[in-house]
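A look at the structure
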Amino acid sequence: MRVMERAEKIQKLCLKMNVSEQEADAALRACNDDILDAALYLEALGRVRMPSGGYYQETPNMDRGPQAAPQKHASESFGEALRRFGRWFIDLLKKGMENYLEVRKNGETNFRIPLTIFVIALFTPLLPLIVVLLILGLFFDYGYHFSGPNLKENGAYNKAAAGCSNVARDIKVSFTEGARNCGNGGNGGCAGGQGGNGGFAGGNGGAAGAAGNQAGDGADGADAE
């Protein structure tokens, strides 16, 4: 079946519906160049002017046929779904570029990256390195914060990031205190060892003194004889 050109559709609408070319063109644009829908559209708007004979008649030639209609509408529905998905995806990318993941320390922002780039990086071979760096940063007093026009200051993402920072801080404090306690216990053991050495030296001194006394008494007895 021959497909009508747009100019031919406009002429047919002007002739059959008794409207101007501008009105026919606008109706076709509103109905995705569907001539039958455009005719119904003009009727609904009340733009159809009665011809001089006092009536007009819709001709079967304007019908698209019983089989062409469902196929066209199905293709239009699929195309519209694709367009909606495209608009949603572009809007998502735009929002991702306007919102950021910030790396902070002592209340100051040291680095920030758009969320779109950060999420894309997670799907690359750099994922293990990124995870390791994020975990190490927590133990070096770095924190993470999500900011932007579409993210709340106290939203779920920032609460989760703050919770991770608190857990890392608690682990670091526990590890530091444990190391300090071990160090203090070792020093006490050394001091105890030194005390033991002093006692051993004192015992040796006492034994030597007793031996000296016995030797002196033996010499005195020899002189008396």
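This part covers the overall build of the protein. On a plain count of helices and strands, the protein comes out with 7 helices and 3 strands. Helices (α) and strands (β) of the protein occur, in sequence order from the N terminus, as α-α-α-α-β-β-α-α-β-α. Relative to its 225 residues, the protein shows a buried fraction of 20%. Working note: accessible area of the protein is about 16,000 Å², and carbon and sulfur atoms make up 61% of it.

What follows covers the packing of helix α2 (residues 21-30) against helix α3 (residues 35-45). Between α2 and α3, the least distance of the axes is 8 Å, while the angle of their chain directions is 115°. As for the relative orientation of α2 and α3, their crossing is right-handed in sense. Residue-level contacts link E23, A27, L28 and A30 of α2 to I35, A38, Y41 and L42 of α3.

The subject of this paragraph is the packing of aromatic side chains. Per the counting criterion, the structure on display carries 3 aromatic pairs. For the ring pair F85 and W88, a centre distance of 5.7 Å and an interplane angle of 35° mean the geometry is tilted. A residue pair is termed a helical-turn pair when its members lie 3 or 4 positions apart in one helix, as F85 and W88 do in helix α4 (residues 68-98) at 3 residues. On the numbers, 5.7 Å between centres and 55° between planes, the contact of F146 with Y157 is tilted. Of the two residues, F146 is situated in strand β3 (residues 143-147) and Y157 in helix α7 (residues 156-224); the sequence distance between them amounts to 11 residues. An aromatic cluster of three or more residues is present, and its members are F85, W88 and F89. Geometry around Y100 places R112 over its ring, the cationic atom sitting 3.9 Å from the centre.

Attention shifts here to the pairing of strand β2 (residues 108-114). The pairing of strand β1 (residues 100-105) with β2 spans 6 bridges and is classified as antiparallel. Residue pairing across strands places E102 opposite R112, the latter belonging to β2. Counting the residues in the hairpin turn of β1 and β2 gives 2 residues, including N106, whose phi is positive at 55°.

On to the sheet that holds β3. Across the sheet, which stays open at both edges, the 3 strands sit in the order β2-β1-β3 with antiparallel pairing between neighbours. Of all strands in the sheet, those with a lone pairing partner are β2 and β3, marking the two edges. Going across the sheet, the axis of each strand differs from the next one's by a mean of 30°, ignoring polarity. Of the strands in this sheet, β1, β2 and β3 are in contact with helix α5 (residues 115-122), which crosses β2 at around 70°.

All of the buried residues in α2 are E23, A24, A27 and L28. Seen from one end, α2 has its buried residues packed into an arc of 135°, which puts them on one side. Summarising the geometry of α2, the exposed residues directed more than 90 degrees from the buried face are Q22 and R29. Buried residues in α2 make contact with α1 (6-17) and α3. Downstream of α2 by one or two residues, N32 has phi in the positive range, about 55°.

What follows concerns the environment of E5. Mapped onto the fold, E5 is located in the segment before α1. The exposure class of E5 is exposed, given its relative accessible area of 57%. With 28 residues separating them along the chain, E5 and D33 place their C-alpha atoms 9.6 Å apart.

The end-to-end C-alpha distance of α1, which contains 12 residues, comes to 16 Å, matching closely the 16 Å that a straight helix rising 1.5 Å per residue would cover. Turning to α1, its buried residues number three or more, namely K9, I10, L13, C14 and M17. The buried residues of α1 occupy an angular sector of 135° when projected down its axis, which confines them to one face. Relative to its buried face, α1 has exposed residues pointing more than 90 degrees away, namely A7 and L15.

This next bit is on the environment of P114. Its place among the elements puts P114 in strand β2. The class of P114 is buried, set by a relative accessible area of 13%. Spatially, the C-alpha atoms of P114 and K95 are 9.3 Å apart, while their sequence positions differ by 19 residues. Apart from the residues within four sequence positions on either side, P114 is in contact with G96, M97, N99 and Y100.

The rules behind these values
Numbers given to residues run from 1 along each chain, matching the order in which its sequence is written. With the structure being a predicted model, the display of local features is reserved for residues of pLDDT at least 70 and the display and counting of side-chain atom pairs for 80 or more, all residues being used for whole-chain, interface and lining totals. With hydrogens and water set aside, each side-chain value is computed from the structure's full complement of heavy atoms. Helix and strand assignments follow DSSP, with helices taken as H or I runs no shorter than four residues and strands as E runs no shorter than two, numbered in order from the N terminus. Exposure categories follow from relative accessible area, calculated using a 1.4 Å probe and restricted to protein chains: below 20% of the type maximum is buried, above 50% is exposed, and the middle band is partly exposed. Residue burial considers only the protein chains on display, and all accessible areas are found by Shrake-Rupley using a 1.4 Å probe. The convention used is that axes are lines fitted to C-alpha atoms, helices contributing only their stretch in contact, and that angles between N-to-C directions extend from 0 to 180 degrees. Left-handed is the label given to a crossing in which the near helix is rotated counterclockwise from the far helix by less than a right angle, and right-handed is the label when the rotation is clockwise. Contact definition: two residues touch when any of their heavy atoms are within 4.5 Å. Here a pair means two rings of Phe, Tyr or Trp (six-membered ring of Trp) with centres within 6.5 Å. Their orientation is stacked below 30 degrees between planes, edge-to-face above 60, and tilted elsewhere. The rule is short: NZ of Lys or CZ of Arg within 6 Å of the ring centre and within 35 degrees of the ring normal puts a charge over the ring. For two strands to count as paired, DSSP must find a minimum of two bridges between them. Note: the arc covers the axis-to-C-beta directions of the helix. Take the residue count of a helix, subtract one, and multiply by 1.5 Å to get its expected span.

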